[in-house]
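# Secondary and tertiary structure notes
One letter stands for each residue in the lines below.
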Amino acid sequence: MIPKIPTRTDAFVECACGATAKIATVAPIADDPGHMRHIYACPACGKESDFKVEKKKV
């Protein structure tokens, strides 16, 4: 089952339209060094979804 909210290792999420969105961009968040910004793009509807994902703890 594809998650609606990703963890740091998920390459796909379920889009609101019901299709599968693929990870498009991963970027640091300047004011939050413990998280990364993951952006997923849906090829079916064109929507982008933006998530704040916790970095791996060392």
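Presented here is a report on the structure given in the accompanying data block. On a predicted model such as this, the values are computed, not experimentally measured, just so you know. (Residues numbered from 1 in each chain as written. Predicted model: local features only at pLDDT ≥ 70, side-chain atom pairs only at ≥ 80, totals over all residues. Heavy atoms only, no water.)

## Looking at the pattern of salt bridges
The line we're drawing: What counts as a salt bridge is simple: a side-chain nitrogen of Lys or Arg found within 4 Å of a carboxyl oxygen of Asp or Glu. Working definition: helices are DSSP H or I runs of at least four residues, strands are E runs of at least two. Numbering for both runs from the N terminus. Remark: exposure states derive from per-residue accessible area (1.4 Å probe, protein chains only) relative to the maximum for the residue type, with buried under 20%, exposed over 50%, and partly exposed in between.
Evaluation of the coordinates by the stated rule reveals three salt bridges. Among the salt bridges present, the one from Glu14 reaches Lys4, with a minimum N-O distance of 3.3 Å. You can see Glu14 sitting in strand S1 (residues 12-14) and its partner Lys4 sitting in the segment before S1, a full 10 residues away along the chain. On the basis of relative accessibility, which here comes to 29%, the residue Glu14 falls in the partly exposed class. Here Asp32 and Lys52 are joined by a salt bridge, their closest N and O atoms 2.9 Å apart. With Asp32 in the loop between strand S2 (20-28) and strand S3 (35-41) and Lys52 in strand S4 (residues 48-54), this pair connects stretches of sequence that are 20 residues apart.

## Some thoughts on the sheet that holds S3
Our working definition: Pairing between strands requires that DSSP locate at least two bridges from one strand to the other. Here, axes are lines fitted to C-alpha atoms. For helices the fit covers the stretch in contact, and angles between N-to-C directions go from 0 to 180 degrees.
An order of S1-S2-S3-S4 is seen for the four strands of this open sheet, with the pairing classed as antiparallel. Sheet topology places S1 and S4 at the edges, where each strand pairs with a single neighbour. Adjacent strand axes in the sheet meet at a mean angle of 40°, parallel and antiparallel pairs treated alike. When S1 meets S2, the two strands line up antiparallel, connected through three bridges. Bridging across to S2, Val13 finds its partner in Ala21.

## Let's talk about the pairing of S2
With antiparallel pairing between neighbouring strands as the criterion, S1 and S2 make up a hairpin whose turn holds five residues, including Gly18 at a positive phi of roughly 100°. In this sheet, S3 lies alongside S2 in antiparallel orientation, the contact comprising six bridges. Paired with Thr25 across the bridge in S3 is Ile39. Counting the residues that bridge the hairpin from S2 to S3 gives six residues.

## Digging into the environment of Val13
Heads up, the condition is: Working rule for contacts: check all heavy atoms of both residues, and any pair within 4.5 Å makes them a contact.
Structurally, the position occupied by Val13 is in strand S1. It is 9.0 Å that separates the C-alpha atoms of Val13 and Cys42, two residues lying 29 residues apart in sequence. Leaving out residues up to four positions away in the same chain, Val13 has contacts with Ile2, Pro3, Lys4, Pro6, Ala19, Thr20, Ala21, Tyr40 and Phe51.

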